[in-house]
Amino acid sequence: MPHATCEPLLRWPVPGRPLVTSETSLDEDGAVAPPGRRRPPGDRVALRGDLRSALPDATAAVMVTSLVFALLWARMESGTSDTVAVMPFMDDAGTYWMYLLSQAFGWSGLLWAWGTVMLGLLLSGPRPARLPVSRQVLERWHRTTSLTTMALMFAHALMFAAELVRYETKVDWAERLWVGFADSFVPGWYDSGTGRIAIPLGQGALYLAIPLGLLFYVRHRIGANTWRRLHRFVIVVYVLSVWHTLLYGTNVWYGEWPRTVLWLLQLPVAALLLLRLLRPARRAERLGSPSEGAARPGWWVRAAGRAVAGAVAIGLVIVVASGRDGGRDRPTHPPATAPHTQETD
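Undergrad: Residue-level account of the packing of aromatic side chains, with values.
TA: Taken as a whole and judged by the stated rule, the model has eleven aromatic pairs. For the ring pair Y99 and F160, a centre distance of 6.4 Å and an interplane angle of 50° mean the geometry is tilted. Highlighted residues: Y99 in helix α3 (residues 97-124) and F160 in helix α4 (residues 135-167), separated in sequence by 61 residues. For Y99, a relative accessible area of 10% puts it in the buried group. Taking 6.1 Å as the distance between ring centres and 40° as the angle between the ring planes, the aromatic pair formed by F154 and F185 counts as tilted. With F154 in helix α4 and F185 in helix α5 (residues 173-185), the pair connects residues that are 31 residues apart, well separated along the chain. Here F185 falls in the buried class, since its relative accessible area comes to 12%. One Lys or Arg, R328, reaches over the ring of W253 and ends 3.7 Å from the middle of that ring.

Now the structure itself:
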């Protein structure tokens with residue numbers, strides 16, 4: 001996750017570098033801005049710059065989404081789609097293309113979420129001796145992939161809502177729009193099958209991701225320490241996203257290799273999280289000893305967090321090694337139920 005950096009009011013002169021005082025400031029790229037020139041608010045500059053930097057990343061995400069969409073379409077056309085195995089009535093890619101696009105956005109969003117979480121844990125944990133690029137570049141990648149992830153998550157939910165609007169053909173347009181919006185964006189409204197649990201989990205991930213991701217750009221207003229404390233909950237967003245996928249992703253519905261791969265991808269996340277907790281980059285976050293006045297609630301919370309992260313890592317290894325990953329057995333005669341009963345007048 002991005003880290004706030006604090007510049008001292010006065011630096012001793014370094015050969016080849018300009019002196020930075022309280023009357024000078026650094027531009028976004030690190031250059032010294034002249035004293036007489038006032039900069040726009042830092043949050044606006046950073047956000048605009050990151051949005052520009054995110055364009056290549058977003059383009060790559062659209063390309064990946066297109067490839068996933070084409071793969072899902074081809075599998076549905078060939079009769080090998082797991083989605084159709086779960087819901088046989090959807091055996092028509094031309095009709096249910098918005099649902100396929102929602103799935104594609106969901107998978108690319110989960111992939112980008114995995115990448116941005118890995119970057120954040122790498123940046124906030126022990127400093128590697130060697131990095132393929134500079135730390136500043138990694139931090140920018142982390143911020144831009146976070147922005148792209150939020151956009152992909154929203155697109156995933158929006159296309160799901162659009163499919164529900166198309167599906168509700170027995171009511172007028174106003175009610176169709178309300179049903180699509182409520183089922184997709186109102187927690188607890190969707191009341192069919194596994195979605196009663198899975199969809200609120202996805203909604204929770206979306207509604208946490210947006211404020212937690214954008215708080216970075218107003219960290220100078222809320223304080224760096226407050227921002228750091230809040231930003232730690234980004235890992236909750238990722239956990240909710242994976243949980244939502246395991247419960248509701250029809251492509252990983254059955255206990256077969258796609259579900260196993262999804263579990264395997266969580267091993268490096270758990271390992272980096274545990275390493276980040278055991279050896280944090282910031283000295284103030286190190287656990288230390290509970291003796292000599294350090295045995296306060298904060299110490300026990302940090303210790304409990306490390307214990308939970310270790311238990312999760314061990315649990316993931318057991319799940320992958322045993323093959324008991326919660327997947328369902330593929331039925332001989334798949335169900336033929338719709339996502340939910342259409343509303344009637």
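This is not the end of the story, as more comes after the structure.
Undergrad: Explain the nonpolar core to me, and be specific about the residues and the numbers.
TA: In this structure, M153, F185, A205, L206, A209, Y217 and V237 are the most contacted members of the largest nonpolar core, which totals 18 residues. Breaking this core down by element, the ones donating at least two residues are α4, α6 (195-214) and α9 (234-248). Beyond its immediate stretch of four places on either side in the chain, F185 contacts F154, A157, L158, A161, Q203, L206 and Y207. Grouped together as the second largest cluster of nonpolar side chains are 17 residues, L121, L246, W263 and A270 included.

Undergrad: Describe the environment of V165, and please don't skip the residues or the numbers.
TA: The residue V165 is located in helix α4 in this model. Sequence separation of V165 and D183 is 18 residues, and the distance between their C-alpha atoms is 10.0 Å. Residues within four places of V165 in sequence aside, it is in contact with W173, R176, L177 and G180.

Undergrad: Help me get a handle on the packing of α4 against α5, residues and values and all.
TA: The geometry of α4 relative to α5 is characterised by a closest axis approach of 8 Å and an angle of 145° between their N-to-C directions. Here α4 runs over α5; the crossing is right-handed. Contact residues: F154, A157, L158, F160, A161, L164, V165 and R166 in α4; W173, R176, L177, G180, D183, S184 and F185 in α5. Counted by class, the contact of α4 with α5 contains ten nonpolar, two polar and three charged residues.

Undergrad: Quick one: what's the story with the environment of A198, residue by residue and with numbers?
TA: Tracing the sequence through the fold places A198 in helix α6. In this structure the C-alpha to C-alpha distance between A198 and H244, which are 46 residues apart in sequence, comes to 4.9 Å. Those residues in contact with A198, other than ones at most four positions away along the chain, are H244, L247 and Y248.

Undergrad: Please give an account of a nonpolar patch on the surface that cites residues and values.
TA: Together, L208, I222, L230, F233 and V236 make up a nonpolar patch on the protein surface, roughly 360 Å² of accessible area in all. Relative to the elements of secondary structure, F233 occurs in the loop between α8 (224-231) and α9. Taking the relative accessible area as the measure of exposure, F233 reaches 47% and is therefore partly exposed.

Rules of the game
- Residues numbered from 1 in each chain as written.
- Predicted model: local features only at pLDDT ≥ 70, side-chain atom pairs only at ≥ 80, totals over all residues.
- Heavy atoms only, no water.
- Phe/Tyr/Trp six-rings, centres within 6.5 Å; stacked < 30°, edge-to-face > 60°.
- Helix = DSSP H or I, 4+ residues; strand = E, 2+ residues; numbered from the N terminus.
- Buried < 20%, exposed > 50% of the residue type's maximum accessible area, 1.4 Å probe, protein only.
- Lys NZ or Arg CZ within 6 Å of the ring centre and 35° of its normal.
- Core = buried A, V, L, I, M, F, W, Y, C linked by side-chain atoms within 4.5 Å.
- Contact = heavy atoms within 4.5 Å.
- Axes fitted to C-alpha atoms, helices over the stretch in contact; angles between N-to-C directions.
- Left-handed = near helix turned anticlockwise from the far one by under 90°.
- Nonpolar A, V, L, I, M, F, W, Y, C, P; charged D, E, K, R; others polar.
- Patch = residues over 30% accessible without salt bridge, like charges linked within 9 Å, V, L, I, M, F, W, Y side chains within 5 Å.
- Areas by Shrake-Rupley, 256 points an atom, 1.4 Å probe, with all protein chains shown as cover.
- Salt bridge = Lys/Arg side-chain N within 4 Å of Asp/Glu carboxyl O.

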